Amino acid sequence: MRAPQVAWFCSVQTVLHGRLAAIKSFFRFLEYRQPAALDQVRRVLAIPFKKTDTRLVPYLLREELQALLDAPDPTTRDGIRDRAMLHMAVCAGLRVSELTGLKIGDIDMSSMSIRVVGKGRRERALPLWKPAATALRAWLAIRGKVATPEVFVSARGEPLSRWGFAYLLKQHAAVAARRQQGLAKKRVSPHVLRHTCAMIILQATQDIRKVSLWLGHATLTTTEVYTRGDPTEKLEAMEEIVPPHLRRGTFQPTDKLIALLKSTS
């Protein structure tokens, strides 16, 4: 199957899954309002979703992340802004909409923490790492007075869009790839930075609940995907395991095998 055909097939599967989810949602609505159709409703709800591959979440290694954070030029206004954006995206694990929608009023300068409004209007307060706080202060010092309340604005004083941030991220990733060759093989998107933040917190705390709180997930089920991608937990498990003994023995070739090898040499 060719690449365009694979992409088309995947898009069709996504559409079909979305339609089935919508149909099931409607029949769950009918389940309690049309008791006479309960048997048919249950048959529809029993239709399974087609199984798809569950891939590991992509994230950046520490050296790759550092190269990306160092890519913006701190001697220019745009470089200071971009450096602050990248540090904020990684430090707080922000979705791109949360990053571009962050407002001046959401920053508590005294404690250097931010208030984030995530999905479902769920709010969370996050402290900033010292490098991120320093980068943010540097940007706010030269941001100037603009009409828009968003923290990150363009040279014209307009708030940056999610596509604008994705474009800037792509440019800085290309610069960082010159120092870290591994970045050239990775697709560095805004959500990859969020995944990177999650892996940093998981490896530092070994507590998936703290990762869930930091990212603003509604349930731990969403956060469990990071435990599959963290190799340190597997290594710790291996250290606790007492594996079965390996039976010792030395291979002794037969006379026929030796004769065959000598004849072919």
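Above: the structure in question.
What this report covers is the structure whose coordinates are included nearby. (Residues numbered from 1 in each chain as written. Predicted model: local features only at pLDDT ≥ 70, side-chain atom pairs only at ≥ 80, totals over all residues. Heavy atoms only, no water.)

### A look at the overall build of the protein chain
In terms of helices and strands, the protein chain carries 13 helices and three strands. Sorting the 265 residues of the protein chain into buried and exposed places 36% on the buried side. Sequence separation of 24 or more characterises 61% of the internal contacts of the protein chain that already satisfy a separation of 6 or more. Accessible surface, the protein chain: about 17800 Å² in total, of which carbon and sulfur atoms supply 58%. (Helix = DSSP H or I, 4+ residues; strand = E, 2+ residues; numbered from the N terminus. Buried < 20%, exposed > 50% of the residue type's maximum accessible area, 1.4 Å probe, protein only. Contact = heavy atoms within 4.5 Å. Areas by Shrake-Rupley, 256 points an atom, 1.4 Å probe, with all protein chains shown as cover.)

### Some thoughts on the side chain of Glu-98
Topologically, Glu-98 is positioned in helix 5 (residues 96-100). Residue classification places Glu-98 among the buried residues on the basis of a relative accessible area of 6%. For Glu-98, the side chain forms a polar contact with the side chain of Arg-95, separated by 2.5 Å. The contacts of Glu-98, once residues within four sequence positions are left out, are Val-116, Val-117, Gly-118, Lys-119, Arg-124 and Arg-194. (Polar contact = N/O pair within 3.5 Å; in protein donor to acceptor, adjacent residues only side chain to side chain.)

### Section: unusual backbone geometry
In this structure, Met-112 is a non-glycine residue whose phi angle is positive, near 50°. Of note in the backbone geometry, Gln-206 takes a positive phi value of approximately 55° without being a glycine. Along the chain, the position of Gln-206 falls in the loop between helix 8 (190-205) and helix 9 (208-215). Of the residues examined, Gln-206 reaches a relative accessible area of 32% and is grouped as partly exposed.

### What to know about the pattern of salt bridges
Evaluated as defined, the whole model comprises twelve salt bridges. With its nearest N and O atoms 3.6 Å apart, the salt bridge here joins Arg-156 to Glu-158. Sharing partners across several salt bridges, the network here consists of Asp-78, Arg-81 and Asp-82. (Salt bridge = Lys/Arg side-chain N within 4 Å of Asp/Glu carboxyl O.)

### Topic: the sheet that holds strand 2 (residues 113-117)
The pairing of strands in a sheet comes from backbone hydrogen bonds and takes either a parallel or an antiparallel form. Strand order in the open sheet formed by three strands is 1-2-3, with antiparallel pairing between adjacent strands. The sheet is open, and its two edges are formed by strand 1 (107-108) and strand 3 (123-127), each paired on a single side. Both strand 1 and strand 2 contribute to a ladder of two bridges, which runs antiparallel. Each residue of the ladder has a partner; that of Ile-107, found in strand 2, is Ile-114. (Pairing = 2+ DSSP bridges.)

### So, the pairing of strand 2
Along a regular strand, successive side chains alternate from one face of the sheet to the other. Here strand 1 hands over to strand 2 after four residues, with Met-112 in that stretch at a positive phi of 50°. For strand 2 and strand 3, the ladder comprises five bridges, and the chain directions are antiparallel. By the bridge assignment, Ile-114 is partnered in strand 3 with Leu-126.

### Focus: the nonpolar core
Counting 56 residues, the largest nonpolar core has Leu-68, Ile-114, Phe-152, Phe-165, Leu-193 and Tyr-226 as its most contacted members. Examining the composition of this core, we find that nine residues originate from one element, helix 4 (residues 77-92), more than from any other. Sequence-distant contacts of Phe-165, defined by excluding residues within four places in its chain, comprise Met-85, Leu-86, Ala-89, Val-96, Leu-99, Thr-100, Pro-190 and Leu-193. (Core = buried A, V, L, I, M, F, W, Y, C linked by side-chain atoms within 4.5 Å.)

### Focus on the environment of Arg-115
Relative to the assigned elements, Arg-115 resides in strand 2. Judged by relative accessible area, which is 35%, Arg-115 ranks as partly exposed. In terms of polar contacts, Arg-115 uses its side chain to reach the side chain of Asp-106, at 2.8 Å. A polar contact is formed between the side chain of Arg-115 and the side chain of Glu-123, at a distance of 2.9 Å.

### Observations concerning helix 7 (residues 162-176)
When the terminal C-alpha atoms of helix 7 are compared, their 21 Å separation across 15 residues agrees well with the 21 Å that a helix rising 1.5 Å per residue should span. Along helix 7, the positions that sit buried rather than exposed are Phe-165, Leu-168, Leu-169, His-172, Ala-173 and Ala-176. For helix 7, the angular spread of buried residues about the axis comes to 140°, placing them on one side. Away from its buried face, by an angle of more than 90 degrees, helix 7 presents the exposed residues Trp-163, Tyr-167 and Lys-170. Along its buried surface, helix 7 packs onto helix 3 (62-69), helix 4, helix 5 and helix 8. (Expected span 1.5 Å × (residues − 1). Arc of directions from axis to C-beta.)

### What about the packing of aromatic side chains?
Going through the model one piece at a time under the given rule, you end up with one aromatic pair. Their ring planes at 25° and their centres at 6.5 Å tell us that Phe-26 and Phe-29 sit as a pair that is stacked. Here Phe-26 pairs with Phe-29, and both are found in helix 1 (residues 3-31), just three residues apart, close to one helical turn. (Phe/Tyr/Trp six-rings, centres within 6.5 Å; stacked < 30°, edge-to-face > 60°.)

### Concerning the packing of helix 4 against helix 6 (residues 130-143)
Relative to each other, helix 4 and helix 6 sit at 145°, their axes nearing to 8 Å. For the pair helix 4 and helix 6, the crossing hand works out as left-handed. Where helix 4 abuts helix 6, its residues Arg-77, Ile-80, Arg-81, Arg-83, Ala-84, His-87, Met-88 and Cys-91 lie against Pro-131, Ala-132, Ala-135, Leu-136, Ala-138, Trp-139, Ile-142 and Arg-143. Broken down by class, the residue content of the contact of helix 4 with helix 6 amounts to eleven nonpolar, one polar and four charged. (Axes fitted to C-alpha atoms, helices over the stretch in contact; angles between N-to-C directions. Left-handed = near helix turned anticlockwise from the far one by under 90°. Nonpolar A, V, L, I, M, F, W, Y, C, P; charged D, E, K, R; others polar.)

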